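Observations on the model geometry
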Amino acid sequence: MLSKLAVRNAKRSMKDYLVYLITMTGVAAFMFAFNSMIFSSSVRAMCSQAMVMGAMMGLATFFIVLIVAWLINYMVHFMLEKRSREFGTYLLLGMKKKEISRLYMRENLILGTIGLFVGTPIGIFLQQVLMTIFFRVFSRNYYLKIDITWPCIAMTLGCYYGCYLIALIRNRRMFKKMSISDLMRMEKENEKIVEGKTVVKQWLLVVCLGYFAFFFYQMYNANYQLGTTILMIIFFIVAIYLFYIGMASFLVEYIKRGGERLYKKQNLFLYRQMASKLKTMQFTMGTLTILLTCAIVGGSVAMMFAKCQDKVLSNTMPFDVLVYSNNTNEKFAKELKLIEKDAGIKQSLTYHIYQDGTSKMNEYLYTHCTFLGSQYRNSDGSLNQEAVKKDDYMYYDYDTYMKLSDYNQLRKMLGLKAIALEKNEYAIQIKERLKSELNSEIKERVIQGKDQKLKLSAVYTDGFSQNGINGADYLIIIPDKEANAMKPYYTDLAVSTNRTPTDDLQQKLYDLRLKKNHILSESEFDRLVEEGKIKDSVDWDDTTLGGQGTDQVIVVVSDVMVSSALTNEMRFIITAVIFPTVYIGLVFLCVALTILAVQQLSDSSKYKFRYETLRKLGLNERELDCIVWKQLCSYYMVPAITALFLSAMIVIFAGNQFVLYTGAYGNGFYYYGIGVLLFFGVYSLYIAATYIGFKRNIRSR
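Quick caveat: nothing in here was measured; it's all calculated off a predicted structure.

Check the secondary structure of the protein chain and you find 26 helices and eleven strands. With the C-alpha coordinates aligned to their principal axes, the bounding extent of the protein chain is approximately 100 × 60 × 55 Å. For the protein chain, buried positions account for 53% of its 701 residues. In the protein chain, 83% of the contacts between residues at least 6 apart in sequence involve partners at least 24 apart. Accessible surface, the protein chain as shown: approximately 33500 Å² in total, 59% of it carbon and sulfur. The positive charge centre, built from 81 side chains, and the negative charge centre, built from 60, are 14 Å apart in the protein chain.

Right under this line is the structure:
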């Protein structure tokens, strides 16, 4: 009997809470599709860094399970409130609390199972979409294939039903404590408005706005440390919740005072509706704002990495093979033999980077780059040598020069036009993001050559692999005659291959370079540490580069660079960031919108008489539709506008920093704009669905 009753009630809930069921279907589909990426043999076979994606997806799943469990708990409690009289009646008829609790759990599990069964085929379709996008990132073909593995099924079922378990256990405890009178009163609890000291509380609105301004001022002025930052973020989250307490009190006070706009058209009705909602949903509104903010920030971060992916990688690794040696007599004979055997050699060039014993360019960049701030400057603006020595990984000890003929030969290998220099000219090859840092002081700088002074001819920003091999951040290009008068600094090998190198070539060249430089492999190093022959405090260092440049977000630094292998690994790592952030953003957004939609649709059925009263007072259907639309928009927009403001400040700051450190295309506004467009795309669908459902409910007889 209980089973039949549970099925009947579940059918009724499906109709009443269709938006919730659709969201759970979507959650099941997302979980299956993204979990399948973790266990896909195709993904693992593509890159040795597959564990990175697994770890990132696992981290994303952890947060998603918590949020979905919160959604289920919220919905279960919400439905319980709406049906509390029904459960009270069951008690009056003689049913035990345990039986009612089990009945309710069965109903919810039936709803969840329906969502899972419908969501799984959608997840399989979504899996094909994700795999196609994933393979396109690596310029490989993907042939549609249903890839269902037992670990994927187990993880999806575990996460999905784990959310229900967490939510329903809490609800079961609540059932045990309830009496018939509690259940009979429960339905009216969300109508209760506690007046309290609204005059005092409304000042929380001002205090919270002030804290938001202070928080963003600190963020944009970089006046923070780790401990302080954590504390400020905690206060920031608390301020979001207090903000809604203040807003609700402010609105209540405005209605009490009979504000100027209160009696225009149907404003009184709308204001009272909104005040009632804010007073009863302060905590929920704060949580929704945090979810929406996370969704916008997550979407924008995904856009940042997606947009910069190809540009950053092509700038970092434009050559098929690059090898560095600090030996100025290096001939790279063994390396060339390996490369020839693996992929064939179309063109190759062994060349020197030169130095003249000066470091004017280094000093300029240390003291003038805006993103480095003042960390390498003394109070008088001069170079702080101690600070540089402490972080001496950025630039070489001396300025780095390249011979014009070598530069043009390398440009030819990249398919770029050769450049020309007069006898008394030089050029600068620098990362694109640093070009704007060159002011008139450096552009008018004159370099003392062997017999003459050289002036700047042009600045080039083509991708040139400048994370240590072809200079760190920059190279000064000088006529061959001037370079021949300088001292070779180190030696490089650049190779253009006939075929795409195998993934093994990177490791083979790397092992060869370790051997030539008398550096232990990582496993040998670890073994000696375990045997006590090397101190625990010593870190394994496998690079011999004298400088690495100032890239921060996406950094590829190595004595050996085989473009195809490293590009795939970096793309994999970037994709491992993009997919989980999109996953989190979508789920958080859907969870927030589901709660907003269910609340409004429930109210439309419960308070149908209010709209009927308005109809009897003379409002026609069009005017009623207008009121419904305004009510929905105001209800949806309150958390959305707050989230838009908070996320704008975060994304614009993060986006500008991202562009500054990676040289990616765009700026903070650009990434925020894309994130908001995606956000409102999903938002509009939920508002439209709620509007249609709301109108249908208030017109039904």
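Turning to the side chain of Ser101, a few remarks are in order. One can find Ser101 in helix α6 (residues 97-137). Sequence-distant contacts of Ser101, defined by excluding residues within four places in its chain, comprise Arg172 and Phe175.

Right, let's talk about the packing of aromatic side chains for a bit. Applying the stated criterion to the full structure yields 35 aromatic pairs. Taking 6.5 Å as the distance between ring centres and 80 degrees as the angle between the ring planes, the aromatic pair formed by Tyr211 and Phe235 counts as edge-to-face. Of this pair, Tyr211 sits in helix α10 (residues 203-220) while Phe235 sits in helix α11 (residues 226-257); the two residues are 24 residues apart in sequence, bridging distant segments of the chain. Overall, Tyr211 belongs to the buried group, its relative accessible area being 17%. The interplanar angle of 50 degrees and the centroid separation of 5.9 Å between the aromatic rings of Tyr489 and Tyr490 together place this pair among those described as tilted. A relative accessible area of 18% places Tyr489 in the buried class. Of the aromatic side chains, those joined through ring pairs into one cluster are Tyr211, Phe212, Phe214, Phe215, Phe216, Phe235, Phe236, Phe243, Tyr244 and Phe645. Sitting above the plane of the Tyr460 ring, Arg411 keeps its charged end 5.3 Å from the centroid.

Packing of helix α14 (residues 333-343) against helix α21 (residues 504-516) brings their axes to within 11 Å, and their N-to-C directions diverge by 170 degrees. Of the possible angle classes, the one that applies to α14 and α21 is roughly antiparallel. Once α14 is placed against α21, the crossing between them reads as right-handed. In contact with Lys334, Glu335, Leu338, Ile339 and Asp342 of α14, α21 contributes Leu505, Lys508, Leu509, Leu512, Arg513 and Lys516.

Turning our eyes to something else, we now look at the environment of Leu677. Mapped onto the secondary structure, Leu677 falls in helix α26 (residues 668-699). Owing to a relative accessible area of 66%, Leu677 belongs among the exposed residues under this scheme. With 381 residues separating them along the chain, Leu677 and Ile296 place their C-alpha atoms 9.6 Å apart.

In the Ramachandran plot, Ser465 falls in the positive-phi region, its phi being about 55 degrees despite a non-glycine side chain. Note on placement: Ser465 falls in the loop between β6 (453-460) and β7 (467-468).

What counts and how
- Residues numbered from 1 in each chain as written.
- Predicted model: local features only at pLDDT ≥ 70, side-chain atom pairs only at ≥ 80, totals over all residues.
- Heavy atoms only, no water.
- Helix = DSSP H or I, 4+ residues; strand = E, 2+ residues; numbered from the N terminus.
- Buried < 20%, exposed > 50% of the residue type's maximum accessible area, 1.4 Å probe, protein only.
- Contact = heavy atoms within 4.5 Å.
- Areas by Shrake-Rupley, 256 points an atom, 1.4 Å probe, with all protein chains shown as cover.
- Lys, Arg positive; Asp, Glu negative; His and termini not counted.
- Charge placed at Lys NZ, Arg CZ, Asp CG, Glu CD.
- Phe/Tyr/Trp six-rings, centres within 6.5 Å; stacked < 30°, edge-to-face > 60°.
- Lys NZ or Arg CZ within 6 Å of the ring centre and 35° of its normal.
- Axes fitted to C-alpha atoms, helices over the stretch in contact; angles between N-to-C directions.
- Parallel < 35°, antiparallel > 145°, perpendicular 65-115°, else oblique.
- Left-handed = near helix turned anticlockwise from the far one by under 90°.

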